[in-house]
Amino acid sequence: DEAKLRTPRKRRFEVPVRKPARKRAHVAKPLVVVRETNVYRDYRPVLKNVNWSIEQQQHWAVLGVNGSGKSTLLSLIYGDLQPAYGGTVERLRFKPGTHIEQWKKRVGWVSPELQAEQYLIGSLAELVMSGRYSSIGLNATPTPADRRTAARWLKFFGLQDYAQRKPRQVSYGQLRLALIARAMVNEPELLLLDEPVTGLDTHVREQILRLLERLARSGTQIVMAVHDREDIIPSIRHVLKIKKGGAVEIEEG
């Protein structure tokens, strides 16, 4: 199975291109702004005084060693965590008081923890379709549109031959690809990737990085957490580095 995954296919599936927002006379607002933010876990500071602006169409890497707070920062952007008192996370077209699920519908999310929750799902096709509802598995019979969309993204990630296999019947790398496909079914404005190639062998790692680069060039805005600069795709020109103690440093490419 892993050997099949590495074999390039002759027929290419073109990435749906996200159309850029219509240009206006005034300067476009950032997609996300983090201001004066601290995050604590178990009363321990993880992130300190983070000020970060993610402009529309910018691709970012969040760089740091294991345990530095990369996952925490992405969870903060996604909305699973809140800043300590005094800090704010502002999201474009997201008014205060709006339920966070409205924001999450605009964001694709991939993490090792999310991958670990998928093993009891009936098939990769079901796994990918569940991304349309941000659920673990499906709570209702999938619609024809669900099936078409899942089939399209399974094909893009080279998984069409594995659509009816259970997560436990495919490799770790194939499951990671399916999880990214799940994140893409709603064609999100922002794709958040928490160490997307960690734990993968060289061939699958390179395949995923190539596919992520295709997504970035087609208009999907990407923020990915990595602990190795070699895992940063070429389209990324901005790096936020988390230093010891939770302070951050921004590097412009």
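Residues numbered from 1 in each chain as written. Predicted model: local features only at pLDDT ≥ 70, side-chain atom pairs only at ≥ 80, totals over all residues. Heavy atoms only, no water.

## Some details on the overall build of the protein
Along the protein, the regular secondary structure elements total 8 helices and 9 strands. Every one of the 253 residues in the protein was classed for burial, and the buried ones make up 51%. Look at the contacts in the protein between residues 6 or more apart in sequence, and 68% of them connect residues 24 or more apart. Element-wise, carbon and sulfur atoms account for 50% of the exposed surface of the protein, whose accessible area totals about 13500 Å². (Helix = DSSP H or I, 4+ residues; strand = E, 2+ residues; numbered from the N terminus. Buried < 20%, exposed > 50% of the residue type's maximum accessible area, 1.4 Å probe, protein only. Contact = heavy atoms within 4.5 Å. Areas by Shrake-Rupley, 256 points an atom, 1.4 Å probe, with all protein chains shown as cover.)

## Thoughts on the nonpolar core
Ranked by internal contacts, the top residues of the largest apolar core, which has 76 residues, are Trp-52 and Phe-157. For this core, the element with the most residues is helix H7 (residues 172–184), which contributes 8 residues. Setting aside residues up to four positions removed in sequence, Trp-52 forms contacts with Val-32, Val-33, Val-34, Trp-60, Val-62, Leu-73, Ile-77, Val-223, Leu-240 and Ile-250. (Core = buried A, V, L, I, M, F, W, Y, C linked by side-chain atoms within 4.5 Å.)

## Remarks on the environment of Tyr-162
For Tyr-162, the location among the structural elements is in the loop between helix H6 (144–156) and H7. Sequence-wise, Tyr-162 and Ala-178 are 16 residues apart; in three dimensions their C-alpha atoms are separated by 9.7 Å.

## Quick word on the packing of aromatic side chains
One pass over the structure, following the stated rule, counts 5 aromatic pairs. Considering the side-chain rings of Trp-52 and Trp-60, the 5.4 Å spacing of their centres and the 75° angle between planes classify their relative orientation as edge-to-face. The same class applies to Trp-52 and to Trp-60, which are both buried. Taking the centre distance of 4.8 Å and the plane angle of 85° together, the rings of Phe-156 and Phe-157 count as edge-to-face. Members of the aromatic cluster, each reached through a chain of ring pairs, are Trp-153, Phe-156 and Phe-157. For the cation-ring pair, Arg-91 lies above Phe-94, with the distance from its terminal atom to the ring centre recorded as 5.9 Å. (Phe/Tyr/Trp six-rings, centres within 6.5 Å; stacked < 30°, edge-to-face > 60°. Lys NZ or Arg CZ within 6 Å of the ring centre and 35° of its normal.)

## Some points on the pattern of salt bridges
Opposite charge on two side chains makes pairing possible when the charged atoms of those side chains draw close. Tallying each qualifying case throughout the model produces 12 salt bridges. Here Lys-243 makes a salt bridge to Glu-249, at a shortest N to O gap of 3.8 Å. By relative accessible area, which is 37% here, Lys-243 ends up partly exposed. Each of the salt bridges in this network shares a partner with another, and the network as a whole consists of Asp-80, Glu-101 and Lys-104. (Salt bridge = Lys/Arg side-chain N within 4 Å of Asp/Glu carboxyl O.)

## Examining the pairing of strand E4 (residues 88–91)
Taking every second residue as pointing to the same face, the buried face of E4 carries Val-89 and Arg-91, while none of Thr-88 and Glu-90 on the other face is buried. By the bridge criterion, 4 bridges tie strand E1 (residues 32–41) to E4 in an arrangement that is antiparallel. Within the sheet, the bridge partner assigned to Val-32 lies in E4 and is Arg-91. (Pairing = 2+ DSSP bridges.)

## Brief notes about the sheet that holds strand E3 (residues 60–63)
Strand order in this open sheet of 6 strands is E5-E6-E7-E3-E8-E9, and the pairing throughout is mixed. Each of the sheet's edge strands pairs with one partner strand only, and the pair in question is strand E5 (107–110) and strand E9 (248–252). This sheet shows a mean twist of 15° between the axes of neighbouring strands, independent of strand direction. As paired strands, strand E6 (residues 190–194) and strand E7 (residues 221–226) are joined by 5 bridges and run parallel to one another. Within E7, the residue paired with Leu-191 across the bridge is Ile-222. (Axes fitted to C-alpha atoms, helices over the stretch in contact; angles between N-to-C directions.)

## Regarding the packing of H7 against helix H8 (residues 202–217)
The geometry of H7 relative to H8 is characterised by a closest axis approach of 10 Å and an angle of 15° between their N-to-C directions. In terms of orientation, H7 and H8 fall into the roughly parallel class. With respect to the hand of their crossing, H7 and H8 are arranged in right-handed fashion. Across from Gly-173, Arg-176, Leu-177, Ile-180 and Met-184 in H7, the residues of H8 making contact are Val-204, Gln-207, Ile-208, Leu-211, Leu-212 and Leu-215. (Parallel < 35°, antiparallel > 145°, perpendicular 65-115°, else oblique. Left-handed = near helix turned anticlockwise from the far one by under 90°.)

## Remarks on H7
Compared with the 18 Å implied by 1.5 Å per residue over 13 residues, the 19 Å span of H7 between its first and last C-alpha is a close match. Burial within H7 is extensive, with 12 of its 13 residues counted as buried. Along H7, the positions that sit buried rather than exposed are Gly-173, Gln-174, Leu-175, Arg-176, Leu-177, Ala-178, Leu-179, Ile-180, Ala-181, Arg-182, Ala-183 and Met-184. (Expected span 1.5 Å × (residues − 1).)

## Some words on the side chain of His-238
When you line up the elements, His-238 lands in strand E8 (residues 238–242). Judged by relative accessible area, His-238 falls into the buried class, the value being 15%. Those residues in contact with His-238, other than ones at most four positions away along the chain, are Gln-58, His-59, Trp-60, Ala-61, Glu-251 and Glu-252.

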